There are 2 protein chains.
Amino acid sequence: MSAPRPSGCPPASTAAVPPPRPCASHIRWTGRPQRPRLGGTMWNPVANARAAWRMARALRDPEKLQDVLGLAPVLAPPVAMRRLVERLMSHASAAQAFIERPRVGLLHLAALRALPEHTLGRAFVDHLEANQVNPDALPYLEARTDEEYVRAHLLESHDVWHVLTGFPTSVAGELGIQAFSLAQVGSPFALGILAGGLTNTLLYAFSQREERMRAIVRGWLLGQRARPLFGAPWCQMWESPLAEVRQRYGLDLAAVDAVLDDPMRPAMEVRNPGSASPPQSC
Amino acid sequence: MSAPRPSGCPPASTAAVPPPRPCASHIRWTGRPQRPRLGGTMWNPVANARAAWRMARALRDPEKLQDVLGLAPVLAPPVAMRRLVERLMSHASAAQAFIERPRVGLLHLAALRALPEHTLGRAFVDHLEANQVNPDALPYLEARTDEEYVRAHLLESHDVWHVLTGFPTSVAGELGIQAFSLAQVGSPFALGILAGGLTNTLLYAFSQREERMRAIVRGWLLGQRARPLFGAPWCQMWESPLAEVRQRYGLDLAAVDAVLDDPMRPAMEVRNPGSASPPQSC
């Protein structure tokens, strides 16, 4: 292969090693990048008021990444993160990931772009470009503790999960990814975003209920069926065919989409055949 | 057939006709029965405060029927109910139901109990008894307008839907019914209960997230595939075999349960085979 290798995986992150370039995200970052103060207590009046304000803004405009990310310490406080780590530890591959702490690492976008079509890396960079994603938008999180690793790895894997699951970057697609994440990782953050997403749908986007519910159901089914993606060394798989990576992790998109588009499901017009019900007068 | 007919369907409800006995419900009714003031404006400070208090109590204890029902005018205000009626009108069978307004009507529990096993009526009364349902627990709602008919019919059909979909009377089962209702009817009330149910799960019942999400996914899939149940004259079907009624409405429980228990889905232990991932160090 003549193309330059798109990326080497970074070593397990330590304070001594300079952080690799942050992973990309498509979501609008409305303020200056700011590292969330993970593990810090949020239980003081000012922090609570800020959290409530962020929650209200995120409910109204779920695309405001800063507000959504700012909810992480509220929706998944330290004690919840500890339980999450313990649950993940019971999985063989996730437990291994906590030892090696693989990161997405430095992104050589030009090298990824030069990869053959249908590779994970090329699909990834195509996803970034198609959705006008700014690769520098997300803060780089360090991973010195297990809890920090969960947050950091989930954040930097977010767009890889988009590519693997085929969810678009719409609000519906984001809810689909969170349902997938809830099924895979059992993250309270994901559950909080789902609850907020349905509340947003009720208050501001009722006409999108079908699209969003379908995405949630799709994400849950995919997440339940797939092997755990948590802790996967994506940096080693850029050159692998996307279809092969999906197969490796049990991501059978066609099977789940077939369930949702079941030909048994009668069309809107056919759903009401006159003969389906007995006559309605007694 | 020698058994007495369990029930005749009541005529379309008018002010001149005495209301039939209310339909049953299993949910705890914590206060004295009180007819919700449908269509009344809730937009004054006292009503808002009451709604907020009910919402907080329902979030904490979703089994408190009075609080949940009290949210109906807030989650589905008159303008939302009008749109819901218009959407339903576009379905042939639902449009017909608005003309004839079939009701569940008088329940002769002893006659239903005497029906052969596997009939809808017998399954219904078994469901009431197994779940210690008080048939007098729910308020009887009149149906003089289309909007009133939607609320009244959905309320009195609630336990019939439980029987048809096979959802238990747990919180998970109730969320499943609401997801089913959202898919079938597009009710904002159902969406509000789902949003509240996920918030309750996050705050008070995180360990039940899998059971509840599974029920929501199951309800959505069943509701999407089935023919519309809205406006069905249940009172005419007590003697029909339950399997036949399910088939008539396209409720293929086995197919949906097979999707959720897909044998392709690897077990927890098998989900993490060492060979699934490439080695994690670079």
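On a predicted model such as this, the values are computed, not experimentally measured, just so you know.

*Asks:* Would you mind showing me how to read the overall build of chain A here?
*Replies:* Of regular secondary structure, chain A possesses 13 helices and 0 strands. Going through the 282 residues of chain A one by one, you find that 57% of them count as buried. Residue pairs in contact within chain A that sit at least 24 positions apart in sequence constitute 75% of those at least 6 positions apart. Taken as a whole, chain A presents about 11900 Å² of accessible surface, with 57% of it coming from carbon and sulfur.

*Asks:* Can you help me understand the side chain of B:Arg209 in this one?
*Replies:* Position of B:Arg209 relative to the elements: it lies in helix α11 (residues 209-225). With no salt bridge to any partner, buried B:Arg209 finds its closest opposite charge in B:Glu210, at an N-O distance of 5.1 Å. Of note is the side chain of B:Arg209, whose polar atom sits 3.0 Å from the backbone oxygen of B:Phe206. Those residues in contact with B:Arg209 that lie beyond four places of it in its chain are A:Arg87, A:Leu182, A:Gly186, A:Leu191 and B:Thr201.

*Asks:* What should I look at first to understand the packing of helix α4 (residues 78-89) of chain A against helix α8 (residues 146-165) of chain A in this one?
*Replies:* For any two helices packed against each other, one specifies the inter-axial angle together with the distance between the axes. Residues and elements named next belong to chain A. At a minimum axis distance of 9 Å, the contact between α4 and α8 shows a crossing angle of 85°. In this view, α4 runs roughly perpendicular relative to α8, as classed from their interaxial angle. Contacts between α4 and α8 involve Met81, Arg82, Leu84, Val85, Leu88 and Met89 on the former and, on the latter, Asp146, Glu147, Val150 and Arg151. Looking at side-chain class alone, the contact of α4 with α8 contains 6 nonpolar, no polar and 4 charged residues.

*Asks:* So what exactly am I meant to see when it comes to the packing of helix α7 (residues 120-130) of chain B against helix α8 (residues 146-165) of chain B here?
*Replies:* Residue and element names in this part refer to chain B. In the contact formed by α7 and α8, the axes pass within 10 Å of each other and the chain directions differ by 105°. In this view, α7 runs roughly perpendicular relative to α8, as classed from their interaxial angle. Residues Leu120, Ala123, Phe124, His127 and Leu128 of α7 pack against Asp159, Val160, His162, Val163 and Leu164 of α8. Across the contact of α7 with α8, the residue classes tally to 7 nonpolar, 2 polar and 1 charged.

*Asks:* What is the right way to look at helix α10 (residues 188-204) of chain A in this model?
*Replies:* Since there are 3.6 residues in each turn of an α-helix, residues three or four apart along the chain are aligned in direction. All names here are of chain A. For α10, built from 17 residues, the straight-helix expectation of 24 Å at 1.5 Å per residue is met to within 8% by its first-to-last C-alpha distance of 24 Å. Of all 17 residues making up α10, 13 are buried, and the element is well covered by its neighbours. One side-chain oxygen at the N-terminal end of α10 lies 3.1 Å from the backbone nitrogen of phenylalanine 189; it belongs to serine 187.

*Asks:* In this structure, what is going on with the nonpolar core? I would like to understand it.
*Replies:* Side chains of a nonpolar character, in soluble globular proteins, are inclined to be buried together. By size, the foremost hydrophobic cluster in this structure holds 160 residues, and its most contacted members are A:Leu120, A:Trp234, A:Trp238, B:Leu120, B:Trp234 and B:Trp238. Beyond its immediate stretch of four places on either side in the chain, B:Leu120 contacts B:Val160, B:Val163, B:Leu164, B:Trp234, B:Met237, B:Trp238, B:Ser240, B:Pro241, B:Leu242 and B:Val245.

*Asks:* Sorry, what's going on with helix α1 (residues 45-60) of chain A here?
*Replies:* Residues and elements named next belong to chain A. The end-to-end C-alpha separation of α1 is 23 Å, in line with the 22 Å expected for 16 residues at 1.5 Å each. Of the positions making up α1, those classed as buried are Ala47, Ala51, Arg54 and Ala58. Buried residues along α1 cover an arc of 65° about the axis, so they all sit on one side. Along α1, exposed side chains directed more than 90 degrees from the buried face belong to Pro45, Val46, Trp53 and Arg60.

*Asks:* When you look at the packing of aromatic side chains in this model, what are you seeing that I'm missing?
*Replies:* In this description, a pair of aromatic rings is defined by centroid distance and the angle of the planes. Across all of its chains, the model carries 12 aromatic pairs over all chains by this definition. Taken together, a centroid distance of 5.3 Å and an interplanar angle of 80° make the contact between B:Trp161 and B:Phe180 edge-to-face. One end of the pair, B:Trp161, is in helix α8; the other, B:Phe180, is in helix α9 (residues 171-185), with 19 residues separating them in the sequence. Each member of the pair, B:Trp161 as well as B:Phe180, is classed as buried. Grouping aromatic residues by their ring pairs yields a cluster made of A:Phe98, A:Tyr149 and A:Phe230. One cation-aromatic arrangement involves A:Arg218 over A:Phe167; the distance from NZ or CZ to the ring centre is 4.6 Å.

*Asks:* Hey, could you run me through the UniProt feature "transmembrane region" (unreviewed entry) in chain A in this one?
*Replies:* The positions UniProt marks with the feature "transmembrane region" (unreviewed entry) are residues 185-206 of chain A. With 82% helix and 0% strand, residues 185-206 of chain A has end C-alpha atoms that lie 28 Å from one another.

*Asks:* Explain the confidence of the model for chain A to me, please; I cannot follow it from the model alone.
*Replies:* Caution applies to low-pLDDT parts of the model: their predicted coordinates are not meant to be read in detail. Residues and elements named next belong to chain A. Across chain A, pLDDT averages 80, with 77% of residues at or above 70. The element-level mean pLDDT for chain A is lowest in helix α2 (residues 65-70), coming to 72, with helix α12 (residues 242-248) highest at 98. Ignoring residues within four places in sequence, the model shows residues 13-42, a span with pLDDT below 50, making 83 contacts including any to other chains. Below a pLDDT of 50 lies the segment residues 267-282, which in the model reaches 39 contacts outside its immediate sequence neighbourhood of four places, other chains included.

*Asks:* Which parts of the structure should I look at to understand the pattern of salt bridges?
*Replies:* A side chain with one charge can pair with a side chain of the opposite charge if their charged atoms come near. Residues and elements named next belong to chain B. Applying the stated rule across the entire model yields 22 salt bridges over all chains. Between glutamate 147 and arginine 82 there is a salt bridge, with the nearest N and O atoms lying 2.9 Å from each other. Of this pair, glutamate 147 sits in helix α8 while arginine 82 sits in helix α4 (residues 78-89), placing them 65 residues apart in sequence. A salt bridge links aspartate 257 to arginine 218; the nearest nitrogen and oxygen atoms lie 2.7 Å apart. In this pair, aspartate 257 sits in helix α13 (residues 253-260) while arginine 218 sits in helix α11, placing the two residues 39 residues apart along the sequence.

*Asks:* Quick question: what am I supposed to make of the side chain of B:Asn200 here?
*Replies:* Residue and element names in this part refer to chain B. Topologically, asparagine 200 is positioned in helix α10 (residues 188-204). Given the relative accessible area of 3%, asparagine 200 is considered buried. Apart from the residues within four sequence positions on either side, asparagine 200 is in contact with Leu59, Arg60, Pro62, Ala205 and Arg212.

Cut-offs applied
- Residues numbered from 1 in each chain as written.
- Chains lettered and ligands numbered in written order.
- Predicted model: local features only at pLDDT ≥ 70, side-chain atom pairs only at ≥ 80, totals over all residues.
- Heavy atoms only, no water.
- Helix = DSSP H or I, 4+ residues; strand = E, 2+ residues; numbered from the N terminus.
- Buried < 20%, exposed > 50% of the residue type's maximum accessible area, 1.4 Å probe, protein only.
- Contact = heavy atoms within 4.5 Å.
- Areas by Shrake-Rupley, 256 points an atom, 1.4 Å probe, with all protein chains shown as cover.
- Lys, Arg positive; Asp, Glu negative; His and termini not counted.
- Salt bridge = Lys/Arg side-chain N within 4 Å of Asp/Glu carboxyl O.
- Polar contact = N/O pair within 3.5 Å; in protein donor to acceptor, adjacent residues only side chain to side chain.
- Axes fitted to C-alpha atoms, helices over the stretch in contact; angles between N-to-C directions.
- Parallel < 35°, antiparallel > 145°, perpendicular 65-115°, else oblique.
- Nonpolar A, V, L, I, M, F, W, Y, C, P; charged D, E, K, R; others polar.
- Expected span 1.5 Å × (residues − 1).
- Core = buried A, V, L, I, M, F, W, Y, C linked by side-chain atoms within 4.5 Å.
- Arc of directions from axis to C-beta.
- Phe/Tyr/Trp six-rings, centres within 6.5 Å; stacked < 30°, edge-to-face > 60°.
- Lys NZ or Arg CZ within 6 Å of the ring centre and 35° of its normal.
- UniProt positions renumbered as here; feature names shortened; annotations may be inferred.
- pLDDT = per-residue confidence, 0-100.

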